[in-house]
Amino acid sequence: MKRMQELSLLAKESSRSNHSIWFGHYTTSTILSPSPGIRSIMSSATAYLCGHLHTLGGLMPVLHTRHFQGTLELEVGDWKHNRRYRIFAFDHDLFSFADLIFGEWPVVLITNPKSLLYSCAKHEPLERVLHSTHIRVLAFSLSSITSVTVKIDGVHLGQAIHLSGPIFTLRWNPRDYNNRTHNIEVIVQDSDGRRKSVHHIFSLQEDIHLRFDPLASFILLTDHCMVARVLFVMTVLIQLSILITFRYQGCLELKGSPGFINLTSFSLHVLSKINIFYYSVLLLTLYTVLGPWFIGEITKGKIGCCFSFGIFVDGHFLQGSVTFMVGILQLAFFNIPLMAYLCWSLLQRCFGHNFRSHLRQGKRLKIIPVHLLMLLLYLWQIYSCYFLHMTFGTLAFFFSPLRTWLTLLTPVLIHCVWTRNSDKLGTFTVQLKSHLSS
């Protein structure tokens, strides 16, 4: 709350400025903030420049959008691996920018007329484009610029003249383009023969707008913290509902052919009716939601507890965001597969097999992949223990019920399935064989 008050004060202090640009690492979709929210506070800003998601590993080369309040949110690619950077300029209070790759020359930025996609009448005096006398371009390179060619809608307009520094201008009559949208292209060449062409769509009509990429807008405008919470809670509720429903369901009547649905229902029925397996899965699911995942050194010299809903450290509570995503991964890649594997193993026992005999029944192409998949997920769980140790230290490694302790207890539980006395499965075995023989 204190941080939000500080940001509100900064926003108020900058309200008298022509423009304000906000900088931050995280996208607003991944920032936890109390009401009215971070976007509301920065609503007077022309743009918010950020990173964090960058280009999503190359899947989204352009991650740009506009808040409902009018502020642009502009992700830029990372410098570390891809050497991406950004330049921006204000031309008569009109904001323009270009995302570039280091080492690619010349650098070109068209500042007038500005791009329609990034225009906002709330923050910029867009009417100045209509009253402007020159097209203006910023162009610079390692060597001198030899030509700046301007085209609109494919029609050659002429060569821009060097004014000063990197500024090049070309006289134009904007009223020739006051209907619909138009495409401006600028081609720049330097004395070493390097050439760069840039273009964008512009319009002098106030009632024409362009939409940002819907996927980019979804990524940048969606409250991912809330989505993660909802998915986490829904996944837990679905798993618990299935488990408890089968627990308190009466005797299961198998009808029809022993297909996938029938056998799955039967295996869930067996799991939920045997206390050691039912309570093990139930406790694991509830503990994932409520219990401390680990106790360790959260920050240097500060011991804390990590839960699904947040972290307690040094007398403070940090509300969960990434923790819910980690919880979803834990459920999806270990808890639920472990439950499914236990069901499948119990089904094999009800067929009358033990661990050795079920491998000899001639269906190895169906059986071995199941074991390999569970082994792979178990190795992922082991790696998560190693990652926990490397991130939060030895204390977190040893005091981690959801990672280290679960990793040790899982083989015990699986061993119990395959070595359980067949007599204790007698009722289920008789019921299954009776159905198969009918």
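What you see is a predicted model; the values in this text were computed from it and never measured.

Where strand β8 (residues 134-140) lies against strand β12 (residues 167-171), five bridges are found, and the strand directions are antiparallel. Its bridge partner being in β12, V137 is matched across the sheet by F168. Alignment of strand β11 (residues 161-164) against β12, held across three bridges, turns out to be antiparallel. Bridge pairing links I161 to T169 in β12. Between β11 and β12, which pair antiparallel in sequence order, lie two residues; one of them, G165, sits at a positive phi of approximately 55°.

On to the layout of surface pockets. Approximately 1,400 Å³ is the volume found for the largest pocket. As for the largest pocket, its lining consists of 44 residues, and the residues nearest its centre are Y26, T30, Q319, S321 and V322. Those elements that provide at least two residues to the lining of the largest pocket are α1 (2-13), β1 (21-23), β15 (294-299), β17 (310-313), β18 (316-319), α9 (322-350), α11 (364-392) and α13 (401-419). Among the elements that line the lining of the largest pocket, the one with the most residues is α11, at seven residues. Among the residues forming the lining of the largest pocket, the class breakdown is 30 nonpolar, twelve polar and two charged.

As a further point, take unusual backbone geometry. In this chain, W105 is followed by P106 through a cis amide linkage whose omega measures -5°. Residues other than glycine seldom take positive phi values, yet D314 does so here, at roughly 50°. Structurally, the position occupied by D314 is in the loop between β17 and β18.

Going through the model one piece at a time under the given rule, you end up with eight salt bridges. A salt bridge links R3 to E6; the nearest nitrogen and oxygen atoms lie 3.6 Å apart. Here the residue R3 and the residue E6 both occupy positions in helix α1, the gap between them amounting to three residues, near one helical turn. For E124, the salt bridge goes to K114, with nearest N and O atoms at 2.7 Å. A residue pair is termed long-range when its members are at least 10 positions apart, and E124 in the loop between β7 (107-112) and α4 (127-130) and K114 in the loop between β7 and α4 qualify at ten residues. Like K114, E124 is buried. In the salt-bridge network here, residues are joined through shared partners; they are D190, D192 and R194.

A word on a nonpolar patch on the surface. A contiguous nonpolar surface patch, about 780 Å² in accessible area, is contributed by I295, I303, L395, F398, F399, W405, L409 and V412. For the nonpolar patch, the secondary-structure elements that each account for two or more residues are α12 (394-398) and α13. Topologically, L409 is positioned in helix α13. Judged by its relative accessible area of 55%, L409 is exposed.

Note on aromatic pairs: each is described by the distance of the centres and the angle between the planes. Under the counting rule described, the total for this entry stands at 25 aromatic pairs. Aromatic side chains Y278 and Y279 sit 5.0 Å apart centroid to centroid with 75° between the ring planes, which places their arrangement in the edge-to-face category. The class of Y279 is partly exposed, set by a relative accessible area of 44%. The interplanar angle of 85° and the centroid separation of 5.7 Å between the aromatic rings of F307 and F312 together place this pair among those described as edge-to-face.

Right, let's get into the nonpolar core. If you look at the biggest cluster of nonpolar residues, it comprises 49 residues, and the most contacted ones within it are V270, L271, L342 and L346. In terms of residues, this core owes the most to one element, α9, which gives twelve residues. Aside from chain neighbours lying at most four places away, what touches L346 is V270, L271, I274, F277, V417 and L425. Ranked by size, the runner-up nonpolar core spans 21 residues in total, among them V129, A160, L170 and V188.

The next thing to look at is the sheet that holds strand β16 (residues 302-307). Taken in spatial order, the four strands of this open sheet run β15-β16-β17-β18, and their pairing is antiparallel. Every other strand in the sheet has two partners, leaving β15 and β18 as the edge strands with one partner each. Direction aside, the axes of adjacent strands within the sheet are offset by 30° on average. Of the pairings in the sheet, the one linking β16 to β17 comprises four bridges and is antiparallel in character. The residue of β17 that forms the bridge with F307 is G310.

All right, on to α13 then. In this model α13 runs 25 Å from its N-terminal to its C-terminal C-alpha over 19 residues, within 8% of the 27 Å that 1.5 Å per residue would give. The principal kink in α13, of about 40°, is found at T407, preceding the proline P411 by one to four residues. Buried residues along α13 sit in contact with α8 (275-290), α9, α10 (355-359), α11 and α12.

Reading the values: rules and limits
- Residues numbered from 1 in each chain as written.
- Predicted model: local features only at pLDDT ≥ 70, side-chain atom pairs only at ≥ 80, totals over all residues.
- Heavy atoms only, no water.
- Pairing = 2+ DSSP bridges.
- Helix = DSSP H or I, 4+ residues; strand = E, 2+ residues; numbered from the N terminus.
- 1 Å grid on protein atoms, 1.4 Å probe; cavity = no way out; pocket = protein on both sides within 12 Å on 5 of 7 lines; lining within 4 Å.
- Points joined across faces, edges and corners; volume = space filled by probe spheres on them.
- Nonpolar A, V, L, I, M, F, W, Y, C, P; charged D, E, K, R; others polar.
- Salt bridge = Lys/Arg side-chain N within 4 Å of Asp/Glu carboxyl O.
- Buried < 20%, exposed > 50% of the residue type's maximum accessible area, 1.4 Å probe, protein only.
- Patch = residues over 30% accessible without salt bridge, like charges linked within 9 Å, V, L, I, M, F, W, Y side chains within 5 Å.
- Areas by Shrake-Rupley, 256 points an atom, 1.4 Å probe, with all protein chains shown as cover.
- Phe/Tyr/Trp six-rings, centres within 6.5 Å; stacked < 30°, edge-to-face > 60°.
- Core = buried A, V, L, I, M, F, W, Y, C linked by side-chain atoms within 4.5 Å.
- Contact = heavy atoms within 4.5 Å.
- Axes fitted to C-alpha atoms, helices over the stretch in contact; angles between N-to-C directions.
- Expected span 1.5 Å × (residues − 1).
- Bend = angle between axes of the 7 residues up to and from the residue.

Scope: geometric values only; no functional claims are made or implied.
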